[in-house]
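Single-letter residue listing:
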Amino acid sequence: MASVEPAPQPAGGGIAARAMAARQSKAPDYLEGLNPEQRQAVETLNGPVLVLAGAGTGKTRVLTTRIAHILATGSAGPAEILAVTFTNKAAREMKERIARFIGGNVEGMAWLGTFHSICVKILRRHAELVGLKSGFSILDTDDQLRLLKQIIQAEGLDDKRWTPKAFAAMLDGWKNRALTPNEVPEGEARAFANGWGRKLYEEYQDRLSILNACDFGDLLLHVITLFKTNPDILADYQRRFRYMLVDEYQDTNIAQYLWLRLLAQGNPNVCCVGDDDQSIYGWRGAEVDNILRFEHDFRGAVVIRLERNYRSTSHILAAASHLISHNQGRLGKTLFTDFDDPENELVSVASCWDSEEEARSIGDEIEALQANGHALNDIAILVRASFQMRSFEDRFVTLGLNYRVIGGPRFYERMEIRDAMAYFRCVVQPADDLAFERIVNTPKRGLGEATLKLVHELARADRIPLMQAANQLCQTEEIRPKARNALKEVLANFERWRGQVDSLSHTELAEIILDESGYTEMWRLDRSAEAPGRLDNLKELIRSMEDFESMAGFLEHVSLVMDRDSVEGNDAVSIMTLHSAKGLEFDTVFLPGWEEGLFPHQRALDESGRAGLEEERRLAYVGVTRAKKRAKIWFASNRRIHGQWQSSIPSRFLDELPEEHVEIVEQSSNYGGYGGGGYGRSGGGGSRFDNRDPFQNTYSTPGWQRAQKARAAQDAVFERGDFRSSRSKKQGPLTIEGELVAKSVSEAPSEYSMGERVFHIKFGYGAIIAIEGNKLTIDFEKAGQKKVLDSFVERH
DNA sequence: GCGATAAAGGTTTTT
DNA sequence: CCTTTATCGC
């Protein structure tokens, strides 16, 4: 959370706060200005503590102050504190803030970092114990996919039908749950390629250890294995870490939880900070359950709720709180504030005809704000899905309105950067086959498939790295002279560069490598539009290497730090997804696209039922709570999805906002949109946003009426709670609900069995190929492979 | 090895 | 509908 934290807190806190402050006037400076709960969270050093920190309640402040407190009271030294975050950004911020407290030197805080960077640090010391060598490399997703593709093909499987991507997702799911190949449940193992799942997983791990590499999931898993198999080493770390802090605990997955549990055994000083209402990463393995179960898992835990919000106006908080109260699986917090903005605007809800009008209207509003002296930097547009960004970008370009997209493709994921990195990796780690493969023929050197195949075969047969195999092959006559010479040259180049590692600075060497390899030349000759930008990126890459001592140090950094500081230069509106907005705050937040199917997203509902809906609702909550002064929600009545124009229904979340804190905005533009009288029925039939005068607006189209009907039918289904019978009707409900709360997959075994033929109202007939609790993976005859909840299908 | 055309797929993202 | 990716033909 909180990359931008609230300014120093208002002095006018409650009486208790002031009394406490007065009583402890001798308290150190850093405790000054904390409210009682924050202070408790800082000062309760011993035993497990769960800090439930609502949005904008000063979470980061509590974490950093707590560390300062541990240090100041001499409870532990900097190297005895384990502080874990999810992102490098969060870790960086924490370091900066602590530095401010303790005056500069944070170098001692060796164990403040992301789960992954801390794991790497541990693994480098004990690599041999988990079958690696200390110099192991870390695969990024791209390397991983290429490796998986090789493995799938090597098994003679069709990599079109069973894509590396799909398998990577599956692997991820397993590793998130800390499952080794033999622990993968039979049903899931069988789900991929008719039972090849487990075999492929084994094969993949095998290849990784030959490559002396691991993927991101392994970093955690290897440490868990290390701890489990070497109690002495575990004990060593348990002794070392006198205090442990975990940020964003609601985002931890099972592996991270197990990791923490191991370290926390025999040392109860664990402080986890998080907000169950902001858990929005369930789909990538985060277990809200971890935070919901904390008191149970860590006996004697003190739970502290931070509910005083220092960010938003009371209207915004009221709207967000009422919305999130519709969730069942939550620990329950109610945010409050004393903060009053002079204007104290209601949360607004506006409608529009389509996404173009949405972009036009929001653009107009932003220009109006700008004219009134508001900085664009204080304005953000938060969307559910990235395709929504486009209409805003188009519009802002024509308006000449400055904007920046946050999130998008990352610097280190760009092709040219990866290529350059591959060159460096080959120099530093001669056994890095994936890197070698990547650049051996980039730029083109006439080393085609045929040559590479020979190299591969020798490498496989002798179990040696590709470069070594290539070297051996060059001594023979096996490769045609032309290719052989090209290969020889590449190898000689690497040999030479390796010899220069010690004599040249790593930045100089990097430049030489890119030059002599012909890589920069390749882009210079490329006349496509992107080429100049790519050359710039390469320059930027070299420049950023200056911050590191050596090439190896730089490579390590890059493999773990895939984020790039979004340079906050000019004044610009931020456009980003709701997910990447977590932790940020803006004066004005626009929330477009609040329509059924888009938000809540249809797929979340289909695949995870009620749990999915609740996660979407938390996402809405995150969105609204980003706003300090103004939250402006929009929905369009028509949206183009997959090219088809579809009329859309206002999101159910709109109906979950409290009327007294929301205003319905009449469209001032002539482009159509909302013309009706606002509130009508609530509860019962449809949305109150549906109640409009058919003659004053454009909602009288057949499409709209059909949608109305579908919505009403679906509401009826939802209220009866009888999802199953409703499905049998010819026209299925537009949205479907499952029955789960909190957990996305129930423990109870499904009543269905593998291979069974079933019918789904939307996808038709198909066969079950995997079962995880009540979540089925079905290979549909027409629709392909999908994950659905078992309550949505029937036997056939 | 490259360019053109066809096919497929289109939620959210960090390390 | 539009973008990205794969494959085919030269």
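Cut-offs applied
Residues numbered from 1 in each chain as written. Chains lettered and ligands numbered in written order. Predicted model: local features only at pLDDT ≥ 70, side-chain atom pairs only at ≥ 80, totals over all residues. Heavy atoms only, no water. Pairing = 2+ DSSP bridges. Helix = DSSP H or I, 4+ residues; strand = E, 2+ residues; numbered from the N terminus. Axes fitted to C-alpha atoms, helices over the stretch in contact; angles between N-to-C directions. Contact = heavy atoms within 4.5 Å. Patch = residues over 30% accessible without salt bridge, like charges linked within 9 Å, V, L, I, M, F, W, Y side chains within 5 Å. Areas by Shrake-Rupley, 256 points an atom, 1.4 Å probe, with all protein chains shown as cover. Salt bridge = Lys/Arg side-chain N within 4 Å of Asp/Glu carboxyl O. Lys, Arg positive; Asp, Glu negative; His and termini not counted. Charge placed at Lys NZ, Arg CZ, Asp CG, Glu CD. Buried < 20%, exposed > 50% of the residue type's maximum accessible area, 1.4 Å probe, protein only. Phe/Tyr/Trp six-rings, centres within 6.5 Å; stacked < 30°, edge-to-face > 60°. Lys NZ or Arg CZ within 6 Å of the ring centre and 35° of its normal.

Enquirer: Where do I start with the sheet that holds strand β6 (residues 243-246) in this structure?
Expert: Whether parallel or antiparallel, the strands of a sheet pair through hydrogen bonds between backbone atoms. Taken in spatial order, the 6 strands line up as β3-β2-β6-β7-β1-β8 in an open sheet, and their pairing is parallel. Sheet topology places β3 (112-114) and β8 (302-306) at the edges, where each strand pairs with a single neighbour. Ignoring which end each strand starts from, the neighbouring axes of this sheet average 15° apart. Sheet topology places strand β1 (residues 49-53) next to strand β7 (residues 270-274); 4 bridges connect them, and they run parallel.

Enquirer: Would you mind going over the sheet that holds strand β12 (residues 573-577) with me for this structure?
Expert: Pairing within the open sheet is parallel, and its 7 strands lie in the order β11-β12-β10-β13-β14-β9-β17. Taken across any chain shown, the strands that pair with only one partner, and hence form the sheet edges, are β11 (403-405) and β17 (662-665). With strand direction ignored, the average angle separating the axes of adjacent strands in the sheet is 20°. Of the pairings in the sheet, the one linking strand β9 (residues 347-352) to strand β14 (residues 627-636) comprises 5 bridges and is parallel in character. Across the sheet, residue A350 finds its bridge partner in β14, namely W634. Helix α17 (residues 389-399) rests against β10 (379-383), β11 and β12 of the sheet, and its axis sits at about 165° to β12.

Enquirer: I'm lost on a negative patch on the surface in this one. Help?
Expert: Where like charges cluster on the molecular surface, the negative patch consists of E508, E511, D515, E546 and D547. In this structure, E511 sits in helix α23 (residues 506-516). The exposure class assigned to E511 is partly exposed, which follows from its relative accessible area of 46%.

Enquirer: Teacher, can you tell me more about the packing of aromatic side chains here?
Expert: Within a pair of aromatic rings, the relevant descriptors are the distance that separates the centres and the angle that separates the planes. What the rule picks out here adds up to 25 aromatic pairs. Seen from their ring centres, Y237 and F241 are 5.9 Å apart, and the 35° between their planes marks the pair as tilted. Accessibility classification places Y237 together with F241 in one group, the buried group. Aromatic pair Y423 and W497: ring centres 6.3 Å apart, planes at 80°, arrangement edge-to-face. Here the residue Y423 occupies a position in helix α18 (residues 415-428), and W497 occupies one in helix α22 (residues 481-500), the gap between them amounting to 74 residues. A relative accessible area of 1% means that W497 is categorised as buried. These aromatic residues form a ring-pair network of at least three members: W162, F167, W174, F192 and Y201. Against the face of Y257 rests R293, its NZ or CZ located 5.1 Å from the ring centre.

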